[in-house]
Amino acid sequence: MSAPQLWRSPEERGGEREPTGEFPPGASELDGASRRDFLALLGASLGVAGLAGCTRNPPPEVRPYTRQPRDVKPGVALHYATTMTLGGAASGLLVTSREGRPVKIEGNPEHPASLGASGIYEQAAIYHLYDPQRARTFKRRGRPGSWAAFLAEVGSPSASFRRDGGAGLCFLVEPSGSPLLASLREKVLAALPKARFFSFDPLARDAVFAGTKLSFGRPLEALLDLDKARTIVALDADFLSEGPFRLRYQRRFSDHRMPDGAINRLYAAESALTITGANADHRLRVRSSEIAELGLALLAAVAPDRGKAGASNAFAGSAWVRTAASDLRERGAAALVIVGSRQPPFVHAIAAAINAELGSAAVSYVKPALDDLAAGPASITALAREIEAGSVDTLVMTAWNPAYAAPADLGLADLLKRVPTTIYHGLFDDETAGRAAWFLPATHDLESWGDARALDGTVSLMQPLIEPLWSGVSAPEVLAAFVGIAERGPLRLLRESWAERAPRADFEAWWGASLQRGIIEGTAFPRETATLDWTALTGAITAFVPAPRAEGIELDFRPDARILDGRFADCAWLQELPDPITKLTWSNALQLSPRTAARLGLATEDRVEVKLGGRAVISVVLIVPGHADDAASMALGYGRGGEEIVARGLGANAYLLRTGGAPWFAPGATVTRIGGKKLLALTQEHWSTEGRPVAIVVNAPDVIRRHLPVLDTQKGPQPTVYPEVAQTGYRWAMAIDTSRCTGCSACILACESENNTLPVGEEQVRLGREMQWLRVDRYFEGSLDDPRVLVQPLACVHCEDAPCEVVCPVAATVHSDEGLNEMVYNRCVGTRYCSNNCPYKVRRFNFLDYAKDLSKSEELAMNPEVTVRARGVMEKCSYCVQRIEGTRIRAEIEGRPIADGEIVTACQQACPSQAITFGSLHDPASQVSILRADPRSYGLLHQLGTRPRTEHLARVRNPHPELG
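The rules behind these values
- Residues numbered from 1 in each chain as written.
- Predicted model: local features only at pLDDT ≥ 70, side-chain atom pairs only at ≥ 80, totals over all residues.
- Heavy atoms only, no water.
- Helix = DSSP H or I, 4+ residues; strand = E, 2+ residues; numbered from the N terminus.
- Buried < 20%, exposed > 50% of the residue type's maximum accessible area, 1.4 Å probe, protein only.
- Expected span 1.5 Å × (residues − 1).
- Contact = heavy atoms within 4.5 Å.
- pLDDT = per-residue confidence, 0-100.
- Pairing = 2+ DSSP bridges.
- Axes fitted to C-alpha atoms, helices over the stretch in contact; angles between N-to-C directions.
- Core = buried A, V, L, I, M, F, W, Y, C linked by side-chain atoms within 4.5 Å.
- Lys, Arg positive; Asp, Glu negative; His and termini not counted.
- Salt bridge = Lys/Arg side-chain N within 4 Å of Asp/Glu carboxyl O.
- Polar contact = N/O pair within 3.5 Å; in protein donor to acceptor, adjacent residues only side chain to side chain.
- Parallel < 35°, antiparallel > 145°, perpendicular 65-115°, else oblique.
- Left-handed = near helix turned anticlockwise from the far one by under 90°.
- Phe/Tyr/Trp six-rings, centres within 6.5 Å; stacked < 30°, edge-to-face > 60°.
- Lys NZ or Arg CZ within 6 Å of the ring centre and 35° of its normal.
- Arc of directions from axis to C-beta.

Attention now goes to unusual backbone geometry. We note that Ser745 has phi near 80°; this positive angle belongs to a residue other than glycine. Mapped onto the secondary structure, Ser745 falls in the loop between β29 (732–737) and α25 (746–755). Relative accessible area serves as the criterion here: at 2%, Ser745 is assigned to the buried category. Not every positive phi belongs to a glycine, and Tyr879 is a case in point at roughly 60°. For Tyr879, the position within the fold is in the loop between β35 (874–875) and α30 (881–893).

Here helix α18 (residues 489–501) is 13 residues long and its end C-alpha atoms lie 18 Å apart, about the 18 Å a rise of 1.5 Å per residue gives. Among all positions in α18, only Gly489, Pro490, Leu493, Leu494, Arg495, Ser497 and Trp498 are buried. Structurally, α18 contributes buried residues whose contacts are with α7 (179–191), β17 (450–453), β18 (459–462), α17 (475–481), α19 (507–517) and β19 (519–520).

The share of residues in the chain with pLDDT of 70 or more is 91%, and the mean pLDDT across the chain is 88. Between residues 1–55, whose pLDDT stays under 50, and residues either more than four places distant or in other chains, the model counts 143 contacts. Below a pLDDT of 50 lies the segment residues 57–63, which in the model reaches 8 contacts outside its immediate sequence neighbourhood of four places, other chains included.

Here we take up the sheet that holds strand β11 (residues 282–285). On the basis of which strands lie adjacent, the open sheet formed by 4 strands has the order β11-β10-β9-β12 and parallel pairing. With partners counted over all chains shown, the strands left at the sheet margins are β11 and β12 (335–339), one partner each. Here the strands of the sheet are splayed against their neighbours by 10° on average, with no regard to which way each runs.

Glancing now at the pairing of strand β7 (residues 196–199). Bridge count for strand β6 (residues 169–173) against β7 is 4 bridges, and the pairing is parallel. If you follow Val173 over to β7, its bridge partner there is Ser199.

Right, let's get into the nonpolar core. Counting 165 residues, the largest nonpolar core has Leu172, Leu395, Leu555, Leu574, Leu590 and Trp732 as the members making the most contacts within it. Those residues in contact with Trp732, other than ones at most four positions away along the chain, are Glu818, Leu820, Tyr879, Ile884, Arg888, Ile898, Ile903, Phe918, Gly919, Ser920 and Arg949. The next biggest cluster of nonpolar side chains, apart from the first, holds 68 residues, and it includes Leu266, Ala268, Ala303 and Leu532.

The next thing to look at is the side chain of Lys876. With respect to the helices and strands, Lys876 occurs in the loop between β35 and α30. Buried charged residue Lys876 carries no salt bridge. Nearest counter-charge: Glu805, at 7.3 Å. Only 2.2 Å separates the side chain of Lys876 from the backbone oxygen of Asn821, close enough to count as a polar contact. For Lys876, the contacting residues outside a window of four places in its chain are Trp773, Cys796, His798, Asn821, Glu822, Met823, Val842 and Arg843.

This part covers the pattern of salt bridges. On inspection of all chains with the given rule, the structure shows 61 salt bridges. Between Asp556 and Arg342 there is a salt bridge whose closest N-O contact spans 3.2 Å. Taken together, the residues Asp556 in strand β20 (residues 553–558) and Arg342 in the loop between β12 and α13 (345–358) connect sequence positions 214 residues apart. Taken as a pair, Asp556 and Arg342 share a single burial class, namely buried. The partner of Arg488 in a salt bridge is Glu496, with the nearest N and O atoms 2.9 Å apart. Beyond isolated ion pairs, a larger network of salt bridges with shared partners links Lys104, Glu106, Glu754 and Arg883.

Another aspect to go through is the packing of α13 against helix α20 (residues 534–543). Running from N to C, α13 and α20 point in directions that differ by 130°, and their axes come no closer than 11 Å. One element, α13, and the other, α20, form an angle in the oblique class. When the axes of α13 and α20 are compared, the crossing they make is left-handed. Residues Phe346, Ala349, Ala353 and Glu357 of α13 form the contact with α20, whose own contacting residues are Trp534, Leu537, Ala540 and Ile541.

This paragraph deals with the packing of helix α11 (residues 291–302) against α13. Closest axis-to-axis distance for the α11/α13 pair is 9 Å, and the angle between their directions is 15°. Relative to α13, the element α11 lies roughly parallel. Pair α11 / α13 crosses with left-handed handedness. Facing Ile291, Ala292, Gly295, Leu296, Leu298, Leu299 and Val302 of α11, the residues of α13 in contact are Phe346, Val347, Ile350, Ala353, Ile354 and Leu358.

Attention shifts here to the environment of Leu298. Here Leu298 lies in helix α11. For Leu298 and Trp400, which are 102 residues apart along the polypeptide, the C-alpha to C-alpha distance reads 38 Å. Sequence-distant contacts of Leu298, that is, excluding residues within four places in its chain, are made with Val233, Val321, Ala324, Ala325, Leu328, Val337 and Ile354.

To continue, consider the packing of aromatic side chains. A complete count under the given rule lists 22 aromatic pairs for this structure. Site record: aromatic cluster; members linked through ring pairs are Phe138, Trp147, Phe150 and Trp438. Against the face of Phe525 rests Lys367, its NZ or CZ located 4.7 Å from the ring centre. The ring of Trp498 carries the charged tip of Arg501 above its face, separated from the ring centre by 5.5 Å.

Turning to the sheet that holds strand β16 (residues 438–441), a few remarks are in order. What the 7 strands build is an open sheet, ordered β5-β4-β16-β15-β14-β6-β7; its pairing is mixed. On the outer flanks of this sheet lie β5 (143–144) and β7, each paired with one strand and no other. Sheet analysis places strand β14 (residues 394–397) next to strand β15 (residues 421–426), joined by 4 bridges and oriented parallel. Counterpart to Met397 in the pairing with β15 is Tyr424. Contacts from helix α5 (residues 147–155) reach β4 (139–140), β15 and β16 within the one sheet, and its direction differs from that of β16 by about 130°.

Think of an α-helix as 3.6 residues a turn; residues three or four steps apart then line up on the same face. Looking at α20, one finds that the buried residues are Trp534, Leu537, Ala540 and Ile541. Buried residues of α20, seen end-on, are gathered within an arc of 125° and therefore sit on one face of the element. Facing away from the buried side of α20 by more than 90 degrees, the exposed set consists of Thr535, Thr542 and Ala543. Against the buried residues of α20 lie α8 (206–216), α11 and α13.

Attention now moves to the environment of Thr582. Position of Thr582 relative to the elements: it lies in the loop between α21 (572–575) and β21 (584–585). Given the relative accessible area of 9%, Thr582 is considered buried. For the pair Thr582 and Leu682, spaced 100 residues apart in sequence, the C-alpha to C-alpha distance is 7.8 Å. In terms of polar contacts, Thr582 uses its side chain to reach the backbone amide nitrogen of Leu584, at 3.2 Å.

Spelled out as structure tokens, the structure:
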């Protein structure tokens, strides 16, 4: 995957320094300021100057745009390396900035977590930055406050925590690997030695570290090398869409889904169907509580002498376990067992034992990158007990929304009332903000200075792309306030931290180079020598007693595939992104298997009451093929309160049923129909291809033998009544390899961000009026109980014989001499004849003026190279024609042809699995020409004779012969 054209690798730079973005020219934006005002004051910190009394000192000089800032050329994009964090772990970004405002995010090719790709959260960070619902006002007990007033109060000698060395001072922070935050924490504890730090993350990975501690005697981080894995068993592990290295793992997994003789094989066992399960060659649906028994049976089958306790349990004789174990043993060092973070430590230890017994080369261990390895229920429960004991008089919360997301049995929202002084630092005026004595609005990652560690220990730097739009402060500044150094500002704090950590004579040159690359070279942790403690593990296996099967339904709590744990709930882009499996938008639902729903007499969209442990919530049923029987799943993050407008009232709050003792799955739930229905906004309700050659799948042996009878019918010339369009020069085309595609949906968000596609809201989605130019269709194959899943990305396929063009009465949709099916927006009068005549149903019509209600800040997120469409206009994929033309101009200036791979579409650039290829067919050696000549390539709906320029490559499965 190519990097953006203005960013260069260190080898390409040859020692020349690029602009570091310190500060990249940018301006703040206030309500009421127009785009003209923004550009007129480019380079000036308008928002900071206007709110100087509430935040920090204004910049010493305000320069109008008549004096062009350094490195800024109007109309020319700049690219800066920076970082964002999720769960404390870093992901490297390259951010496109235009005239001082960031407008697009890609992955940093040099960062180990992203490898140049970007996921849905990275893409959506642009919307989050400009979100008009972000908090912008300091509050003290519900009234307007200021940063200066907060600093004065914290620094006052009369502050209670200063009198007793911090005995009553507690911090509730997110887990982090940031060296800067670690150094500030050390300074706080040096000045206030009795202060205490607690960590909280609703999706904490405590079990992972407890499992490696049980296995090796100390907590370690497992790093997967999927390049070396040919047989993979995933036990409740959605490693393709969750976790800090999800983008890296998608790339490496997909690299070995090619039918070249080295194709990998994936077994997955899980309760609810996930992206990993959808990509499995063999999937076993099993309740989450039974994964431990399944793991023991697998250990017994792989190493009979080590796993005797699992040799006779319920799974020991199953064909799935027998075949998976045989496959693991056969592969040996090229085999790997993965366990998800939802499972208890014992299951992680079982996986470590199997991998050790196999001598797996696909897993290695490093010390954990996070400073806090206990950020789950145990940590926040300890804080709750301190509050109950009356030993907390000042509580500082920088963790995300603990009043909403803490275990329900703690009653933390009520406990906060017992703390005399509560301080909350957050992006939104949410549930916790309303309960805090002090609320400090946070800066966004794209407005902040900082650092963070990736899973392997690599440190990357966070640099702002724009001055804070509103009066926010960063987490390092909050900690610095308690040791009297907040006035230094985040940049100085960061530089001083690294000057102490990496002293050198050439610090300035080193600092500039590190900012330029986005990562600090040589900071990855060395691999640890990890020897399995069989004595401890054998004792744990001997003591293991399977939980008795309880009455009722086992309820699973899962991160949502779009809004995660709820922290992205106010992002309309993500709310409207269809769930990769269910295709649900704007809500969560109670997911049930077809058998369980039939037993309970329930249907999709029935309203139900879900009870667990004396607590209840009202939800809506969604029947999902492939779900485990006698189990139900609910996504976290919905049922929001606070002041957030977008998220309020959507879905049911699963946190109200989640307890510290059972944070991921709990038995004994009851589901009762209460009458009535709630319509769900589903973007795809048709599950099957009805036997038609739409999304095609073949088995690996068939591909290797080049015996593809199904695909033979989807190739070759078709009769046509269309006149031949003269083709000159380039012939743009795309190839989408569905065997590499995991269905993660990053391409959809990338397309929206690049092409100014707007969300339309839940009601409009229910009417089928979503505006996404690119969709990822999902089909089930086989039985509804145990289906196989097919995914197929689909946008306008740019037919050479396009049915849409011949019916347009005003020639708004036309064919270019390079094969693009183009839309001339100014001609379109909205007859929608083209949409009716499109067999692929990929054209989108603006029924309403979705752009008219955009706030001034949201307008800043728009890509200036793409028109924002108005009501009554048809629109669809353009192959990112703005990128084509920009590259053409550069090539013509340099007097050369466009090179293969030089144009990278937005969907292609984001794709973690590199499933999308774009180029020109005029060059038979181009990558897209080679892929279209592959025996797996076919034209969708080939029988219609439309001759699509986008062709798909059939999905390849690698089933084990014994399981079929």
